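Working through the structure, step by step
Listed below are the residues making up each chain.
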Amino acid sequence: MYKVLAEITFFLIFVILLMIVCYGNRGHTRYLLTDSMEDAFKNFKGKNVSSFWTWMRGKLFQLCMTPDASVCQVTDEMPRNAMFSRCIPSYSSKNEYKTPYNLPEWIPVTNTSHNQSVFELERMCPKPWRYKSSRDLQTLSYEGFYSTYDGGGFVADLGYNIKSALKVLNTLQEHNWIDEFSVAVFIEFTIFNPSSSLFSVAKCLYERSPTGGVFFFKKC
């Protein structure tokens, strides 16, 4: 009998602690912060790569930075004379571009010798042009609107202020980092609200269909 009462007591304590952790700190400020973050990204109207770069410099930087082998198939519902901005194979993990080292403009470095050190390769190829696997980035696959993407890819760190972010962004655009074969761009950042001492983690997905359509997804 004593053993049964002890198990019931420990179970009730566990349930109470679980309720406190899940619901004990759910103030209205959390909702307001999340709601304001979602409102900040609801009017994205980018339809091409150029408008994406413009949005990055404008809306995103104002919010985040401190002042300092398949083919495209046309369905019967589409007009016969429909024009598409591009027509490339749909994304899959098998046809994902995974060349480890690239020069700007997506020039692959394939003729590396055994005598060429990793230091020399990293000096030749800036960080945004080096492929990182999901294991390197410690990320999981992500389901978008058009495809499910592996956790690997090419990463560009924009820094912590507008000056450094603009420098990186201008370099990426100048060297065509988002080119005709880019399928998805993930934008991840964390914002701190000093008035409520809360952090808001956001992830935005700029996704392009094989025929050139654009889908923008946000999660705050």
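Summarised in this report is the structure supplied together with it. As the structure is a prediction and not an experimental result, all values here were calculated from the model.

1. Brief notes about the nonpolar core
Core analysis: the largest hydrophobic core is formed by 26 residues, its most contacted members being Phe52, Trp53, Met56, Trp177, Ile187 and Phe189. Of all the elements in the fold, those that place two or more residues in this core are helix H3 (49-64), helix H6 (162-174), strand E7 (184-193) and strand E8 (198-208). Here this core takes seven residues from H3, the largest share from any one element. Sequence-distant contacts of Trp53, that is, excluding residues within four places in its chain, are made with Leu169, Leu172, Gln173, Trp177 and Ile178. Membership of the second largest hydrophobic core comes to five residues, among which are Tyr91, Tyr142, Tyr149 and Val183.

2. Thoughts on the pattern of salt bridges
What the rule picks out here adds up to two salt bridges. Note that Lys203 is salt-bridged to Glu188, the shortest N-O span being 3.1 Å. Of this pair, Lys203 sits in strand E8 while Glu188 sits in strand E7, and the two are 15 residues apart along the sequence. The exposure class of Lys203 is partly exposed, given its relative accessible area of 22%.

3. What about the pairing of E7?
Alignment of E7 against E8, held across ten bridges, turns out to be antiparallel. Across the sheet, Phe192 pairs through a bridge with Phe199, a residue of E8. Joining the antiparallel neighbours E7 and E8 is a turn of four residues, in which Ser197 adopts a positive phi near 55°.

What counts, and where the lines are drawn
Residues numbered from 1 in each chain as written. Predicted model: local features only at pLDDT ≥ 70, side-chain atom pairs only at ≥ 80, totals over all residues. Heavy atoms only, no water. Core = buried A, V, L, I, M, F, W, Y, C linked by side-chain atoms within 4.5 Å. Buried < 20%, exposed > 50% of the residue type's maximum accessible area, 1.4 Å probe, protein only. Helix = DSSP H or I, 4+ residues; strand = E, 2+ residues; numbered from the N terminus. Contact = heavy atoms within 4.5 Å. Salt bridge = Lys/Arg side-chain N within 4 Å of Asp/Glu carboxyl O. Pairing = 2+ DSSP bridges.

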